[in-house]
Every structure is written in C-alpha cells, then in structure tokens.
Amino acid sequence: MKRFKQGFFQKKNKKRENRLWLWIKHLTDILYHKAAVSAVGRSLNDYVGEEKVLEQSFFMRKLKGIFSFIDVKIIKYILQRGFENSSILAWLRNSVCLLLSAMVRQYGVFSFSLGLYTVLVYFLGIYSEMSLNVTYTHLITGSLEILCALPMLISRKSMCEVIRESLFADILLFRFFGLSPELFELEKRESTASPFPLIFGLIAGLATVFVSPVKLLILLIICIMIYITFISPESGLVTIIALMPFLPENILRISVWIVALAYFVKVLRGKRTFKLELTDYAVLTLCVIILLSATVSIAPEISRNYSFLTLTYMGVYFLVVNSVKTRPWVKRFVGAAIFSLVMCVLIGTIQKFVSASGLIFIEDIIIDGRVSAVFSMPIVFAQFIMLFVFYLFAYNISTSSGIIRRFFAFVLSCISVVCLFVTHTPVAFCCFVAALFIFYIFYSKKTLIFTVIFVAVIPFSRYVMPGNVIKYFTEYFAVTKQSLIDRIHVWRISLNMVIERLIGGSGSGTYEYLYSQYALSKGETITESYNTYLQTTVELGLIGLIVFVMVIYLFFKCNLSLFAKQGAGSKNIYSIAGFSGITGILLLANFENLWQDTRFILAFWIAFGLCMAIKRHRMLMQKGYDEYLLKNI
C-alpha cells in the first residue's frame, strides 16, 4: 500500500511537471510564431518576393532588351570550341599526363640528382675560395632529398598508382581538394632509361647557388597548386580560406587573381556557371561605387590602391557563391574556415601562456598582454574569431563522429572563446555574446526559456561568485567607459567630415588623410572612425552607405527567409552559424571599423559568400523536395 501511494504521487507530480513544461513550450511556440507572422517578421522573410520585384523591374527589362540582340549561346559555343581545341591547352594536358603516367623511379633519379648537387654546392661554398651564399639549409634539404629518392628508385609503380594508393593523397587531394580519382586513372608508361631526370636534377641543384633550396621546393609546390587550381578552382578557394591569415598580402592577392582566372576559364569552357541573384546585384553595385569613389577622391593615389585591393577581395564573394553548390563542398569550405580559426587560436594561446618563458620570439606582436595572433591588432583577431567560431560550434553539434573528436572540438571551442576574451576588447566580447544568443535561439526554441532563467539568476550571482572574480570582470568592462568617451570625440569630428561631403564622400581609404585636416589639435592622427557605417559615409558618401545597408538588409532577409521556410534546428546549423557570426560582426561595426586589416576584408567577404552559398544550397534542396512532392501527390 505504501509503495502504491509513493508511485501514485510520483506519477502525479511528473504529470504536473509535464503540463508545466508543455505550457512553457507552448508559450515559446506562440512567441516564435508571432515573431514570424508580425509585420516586421513578414517583411524580413519574403526574399522570393524581392527577387520577383527585381525580375519585373525597369532595370532588368532594359538589361534583357540589350542582351536580346546578342546570341549568347553562339558566342559561348565559339569560345568553348576555341578553348577545347587550343594547342596550348592540349600541350599542357599531354605534358601532365606524361608526368603522371611516368614511373616513380624517374622521379627518384631527379630527386637524387637534385639532392646530390645541392650538397655539392654546399661543400663548394664551405671549402672552396668561391664566395657562394650557402647555409645549412642546403645540406639539410639536399640530404633529405637523397633519402627520399632511395625508396623511389626501387619502386615499380607509376605516379598515378602511388597517388591512388596513398593515404596522404586520399586525404589531401580527394577529400580536402575534392579532386576526382578519375583524373589519375592513366595507364602506366613503361619507358627506357632517360637522361632527362638526371639533367633536370643537375640544373636545379646548381641553381641553388643563386636560390635557396627551400624556395625551390616552395616554387614546386606553388606550381602544383596552380595546376590543381586550374583543374578545380574550388580547391584554390579552399586553400586560400585555410591559409589566408598566414599568407603575405601580395601572395594572397595574387592567389585570388589566379583562382579568379581559373574560374573564368572554366566558365568560358562551359565547365562552371556564373549566376547573379538579388544580393549579388547589391554587392556588385557596392563594388561599382567603390570603383567610382577613386575617381572623385581628394587623394586619388590612396583611393586607387585601396579600391583595387578591396575590389579584389570582394570578388571572392562571387567566386564562393558560385562554387559551393553541393554538400561535400559545403563541408570542405567550412572545414577550411575551421582549420584557419583553430591555427590562429593555437598561436594566440601560445602567445598568452608561453611568451613569458622566452621560448619564442614574439615580443613585437604582444601588445600590453593582449593576444593578437598573426593579425596586426587584437581587435582584428577578435573579429576573426567572431566570424568563424560559430562554424566550430556547429561542427560540434552536427558531427556524428566519436566522442573523442567531439570532445576535442569542444575543447577548441572553449579555447577560442578564451582567446576572444583575452584580446581585452570588451565591446567585441559583448557582441559575441549577442551573436551566441542569436545562434542558439535559432538552433533551439528552449534557448528562450533558459535565457529567462539566466537573466533572473544574474542579480543573485554576486552572492555566489567569489569577490576576486567579480572584481576582475568589473575591471575588464570598466575600460569601455573611457573608450566610449574617446569614440564620441572621434564621431563628432567624423560627422563634420560627413556634412561637407554628404553625397559623394571623400574617396575610399581617405579617412586618415581627411581626419588630419579636421582634427582639433595639430598632429592628431586617427586611422579609423570606430564606426564602420560612419566611416563608409565619410569615404563613399550617403549613396555608399545606402547601398551597404541594402546589402546587409538583403542578407538578413535572405537568411531569415530560409529559417522561416525550413525552420530552425540542426538541419540548417551551418546557415545559422554563418548568419550568427556575420550578425555579431555587423553589431561590432557600430563601435569598430571592420576594415583595419586587409586580410579581414577577405575573411569577411568569404564568410558572407559562404553563408549565402549555403543558403542557396539549402533552398535548392527544398525546391527539389517540393517538386518531388508535387509529382507524387
């Protein structure tokens, strides 16, 4: 009897709890529904209606009328035929086929000859009277090349067979770069002994007198990457995303040009497509305004250089949007972004915890104990973390890998947040918290419930948390008051700059040049306005600000339309991650200039394009599913 009463009351309490939980869940559903069907919600999730307005607009009708006189298909066919029948393209294709079908032992002969003569150059420079610029890298590199040549000399396989059977090639070429294994299905070419590998190795080895052997190897890797890029431009984009924080600006710019050229050649050959949507037209308009601003600039030389660099990096947006069309490529691009983030975060961790021991020489990039990683300033590093850290969160949520890999991803996520905190940029950290709330509120409806509980608990936290912790956080956020006063001073001067050049602006990249003329004290120099929207108005005028805001508006409308169509949850987790990161950055843009570091310009437009590309991929899948349902009703 006693057990029966206990079981009865437990079931009754559980039923009451279930009713309470269902009531809270029902209330949350009502709030989400009201937010979607309200006037503001309907205006932000009707992206398809905006696209229809664009198609029926006067501009598009005139544009179609102009191109109606041109037979695009005939021109495209002539260009495709010209490229496919090109003697240069045929020679390159045949040369690569010969290299891939050659025996590995021929590469061993080349490597042995290269290493042998590199070592000889080193000893000639050391023991002869000739003044040769040799170092220990000649000896080390040459010895390694000889050791690598030994197993290659006894191999009886072709290069294609080695690539197909290699685990490293499978991970790098097929999984990461996305190359097709069919490219390496060539017949083995048995050939007699040829002196050419030996001669080429001799020439390359003697060339180390003038060029470092390490630079020769880097040059060889670059040539291989250029060839892979022309086979698959998407592979070049993945490489740029993975290495963009670590590459010098000139190399990064040249890499973007090479990928753009490779993609353009693929479009001309009919192997790729290039389409523009509503948001793309807005970004293209912004590019035109930046280009025109260089012609009316008060400092033409500064504006030309800055505009050229900005337009180069903005062009990556169009490449990313048109490249990411399948789920495997979404994973590759997201994986490259996560790799880039993790490497920067690990470097930042080393800066914070190892710099005091003197084991590494990084004093020049440590600023008052603030972590900056490979970037010029800690705030730029904070922006980079905010932009891509949500992809790491999304991977941890959506991956079906083992518990060890998920735990490793969770640890890296925590380290990323800690690195963001120790950049000592409280404004950036607050914007990250806001973006984190957006991420989880789209991921799960339960977030709203836990948020209310968390806000209710905050007033009582001071009675539970240790005093030194509260003091640390108080001091951490106390600097925002003084920084806000400094920002208001700069904003007032910037507004005076805006008033005199309200329509056309002063020219892109001319803020620092113009500020010196408006500064209250002589010699005062400010490189940025601490507000991206205000600085955009100063440089591009009111027209530029309107177009930039229009790009942001269409971005929000596009992604919110996806969430309204397919709902929140793990199926759209990467779209939510990209949306949350960019939203946090746009919030931070009210207090910082986003374009302080040129590499972050590239990072922003890559993230922007990746988010839009994932949205298009998801909507394309939804369209295919809707068509399937209509056919099977």
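Residues numbered from 1 in each chain as written. Predicted model: local features only at pLDDT ≥ 70, side-chain atom pairs only at ≥ 80, totals over all residues. Heavy atoms only, no water.

This next bit is on the overall build of the protein. Along the backbone of the protein there are 26 helices and zero strands. The buried share of the protein, reckoned over its 633 residues, is 41%. About 35400 Å² of surface is accessible on the protein, with carbon and sulfur atoms providing 69% of the total. (Helix = DSSP H or I, 4+ residues; strand = E, 2+ residues; numbered from the N terminus. Buried < 20%, exposed > 50% of the residue type's maximum accessible area, 1.4 Å probe, protein only. Areas by Shrake-Rupley, 256 points an atom, 1.4 Å probe, with all protein chains shown as cover.)

Compared with an ideal rise of 1.5 Å per residue, which puts 19 residues at 27 Å, helix H19 (residues 403–421) spans 27 Å between its outermost C-alpha atoms and is within 8% of the ideal. The complete set of buried residues in H19 reads Ala 409, Leu 412, Ser 413, Ser 416, Cys 419, Leu 420 and Phe 421. (Expected span 1.5 Å × (residues − 1).)

On average, the protein scores 79 in pLDDT, and the residues at 70 or more come to 73%. Per-element averaging of pLDDT across the protein places helix H1 (residues 2–37) at the bottom with 54 and helix H13 (residues 233–243) at the top with 92. Contacts for the low-pLDDT stretch residues 624–633, under 50 throughout, to residues beyond four places or in other chains number one contact. (pLDDT = per-residue confidence, 0-100. Contact = heavy atoms within 4.5 Å.)

Attention now moves to the packing of aromatic side chains. This structure, assessed with the given rule, holds 31 aromatic pairs. Considering the side-chain rings of Phe 555 and Phe 556, the 5.7 Å spacing of their centres and the 75 degrees angle between planes classify their relative orientation as edge-to-face. A residue is classified by how much of its surface remains accessible, and Phe 555, at 0% relative accessible area, is buried. According to the relative accessible area criterion, Phe 556 is partly exposed, its value standing at 21%. By way of ring pairs, the aromatic residues Tyr 317, Phe 318, Phe 442, Phe 555, Phe 556, Phe 579, Trp 595, Phe 604, Trp 605 and Phe 608 are connected into one cluster. A cation sits over an aromatic face here: Arg 332 above Trp 329, 4.6 Å from the ring centre. (Phe/Tyr/Trp six-rings, centres within 6.5 Å; stacked < 30°, edge-to-face > 60°. Lys NZ or Arg CZ within 6 Å of the ring centre and 35° of its normal.)

Residue Ala 373 is not a glycine yet carries a positive backbone phi of 55 degrees. Tracing the chain through its elements places Ala 373 in the loop between helix H17 (327–354) and helix H18 (378–398). A relative accessible area of 1% places Ala 373 in the buried class. The residue His 424 is not glycine, and still its phi comes out positive at about 60 degrees. With respect to the helices and strands, the residue His 424 is situated in the loop between H19 and helix H20 (426–443). Among the residues examined, His 424 registers a relative accessible area of 29% and is labelled partly exposed.

Let us now look at the side chain of Ser 529. Looking at the secondary structure, you find Ser 529 in the loop between helix H23 (511–518) and helix H24 (532–566). For Ser 529, a relative accessible area of 0% translates into the label buried. A distance of 2.8 Å separates the side chain of Ser 529 from the backbone oxygen of Asn 531, its partner in a polar contact. Non-local contacts of Ser 529, meaning those with residues more than four positions away in its chain, are made with Val 490, Trp 491, Ser 494, Tyr 511, Leu 534 and Gln 535. (Polar contact = N/O pair within 3.5 Å; in protein donor to acceptor, adjacent residues only side chain to side chain.)

Right, let's talk about the side chain of Asn 559 for a bit. Here Asn 559 lies in helix H24. Side-chain polar atoms of Asn 559 contact the backbone oxygen of Phe 555, separated by 2.8 Å. Non-local contacts of Asn 559, meaning those with residues more than four positions away in its chain, are made with Ser 575, Phe 579, Cys 611, Met 612 and Lys 615.

Together, Phe 112, Leu 116, Leu 120, Tyr 136, Ile 140, Leu 144, Leu 147, Leu 150, Leu 153 and Ile 154 give the surface a local cluster of nonpolar side chains, amounting to about 980 Å² of exposed area. Counting residues per element, the ones that place at least two in the nonpolar patch are helix H7 (104–127) and helix H8 (136–153). At six residues, H8 tops the list of elements feeding residues into the nonpolar patch. Summarising the element assignment, Leu 150 is placed in helix H8. (Patch = residues over 30% accessible without salt bridge, like charges linked within 9 Å, V, L, I, M, F, W, Y side chains within 5 Å. Salt bridge = Lys/Arg side-chain N within 4 Å of Asp/Glu carboxyl O.)

Let us now look at the pattern of salt bridges. Overall, the coordinates contain seven salt bridges when judged by the stated rule. For Glu 249, the salt bridge is made with Arg 253, and the minimal N-O distance between the two is 2.9 Å. A residue pair is termed a helical-turn pair when its members lie 3 or 4 positions apart in one helix, as Glu 249 and Arg 253 do in helix H14 (residues 249–268) at four residues. Take Arg 253: its relative accessible area is 18%, and that puts it in the buried class. In this structure, Glu 277 engages Arg 616 in a salt bridge whose closest nitrogen and oxygen atoms are separated by 3.2 Å. Placement of the pair is Glu 277 in the loop between H14 and helix H15 (278–293) and Arg 616 in helix H26 (residues 598–631), with a sequence separation of 339 residues.

A word on the nonpolar core. Of all hydrophobic cores here, the largest spans 110 residues; its most connected members are Phe 388 and Phe 608. A total of 15 residues in this core trace back to one element, the largest contributor, which is H18. When sequence neighbours within four positions are dropped, the list of residues in contact with Phe 608 reads Thr 279, Val 283, Tyr 317, Val 551, Phe 555 and Ile 582. (Core = buried A, V, L, I, M, F, W, Y, C linked by side-chain atoms within 4.5 Å.)

Moving on: the packing of H7 against H8. Between H7 and H8, whose axes approach to 7 Å, the crossing angle comes to 155 degrees. Classed by the angle they form, the pair H7 and H8 counts as roughly antiparallel. When the axes of H7 and H8 are compared, the crossing they make is left-handed. Of the residues assigned to the contact of H7 with H8, the class counts are 16 nonpolar, seven polar and two charged. (Axes fitted to C-alpha atoms, helices over the stretch in contact; angles between N-to-C directions. Parallel < 35°, antiparallel > 145°, perpendicular 65-115°, else oblique. Left-handed = near helix turned anticlockwise from the far one by under 90°. Nonpolar A, V, L, I, M, F, W, Y, C, P; charged D, E, K, R; others polar.)

This part is about the state of the cysteines. One pass over the structure, following the stated rule, counts zero disulfides. Between Cys 160, a free cysteine, and Cys 97, which holds the nearest cysteine sulfur, the sulfur-to-sulfur gap is 8.0 Å. Overall, the relative accessible area of 0% leaves Cys 160 in the buried class. (Disulfide = S-S within 2.5 Å.)

Structurally, Leu 147 can be placed in helix H8. Take Leu 147: its relative accessible area is 54%, and that puts it in the exposed class. Considered as a pair, Leu 147 and Ser 111 are 36 residues apart in the sequence and their alpha carbons are 9.0 Å apart.

For Arg 406, the position within the fold is in helix H19. When the C-alpha positions of Arg 406 and Asn 396 are compared, they lie 5.7 Å apart, and in sequence the two are ten residues distant. Not counting residues up to four positions away in its chain, the partners in contact with Arg 406 are Asn 396, Ile 397, Thr 399 and Ser 401.

Quick look at helix H10 (residues 167–176) now. Taken together, the buried positions of H10 are occupied by Ala 169, Leu 173 and Phe 174. Each buried residue of H10 sits inside an arc of 80 degrees when the element is viewed along its axis, so together they form one side. In H10, the exposed positions angled more than 90 degrees off the buried face are occupied by Leu 167, Phe 168 and Arg 175. Backbone nitrogen of Phe 168 and a side-chain oxygen of the N-cap are separated by 3.3 Å at the start of H10; the cap is Ser 166. At the exit of H10 stands Gly 178, carrying a positive phi of roughly 75 degrees. (Arc of directions from axis to C-beta.)

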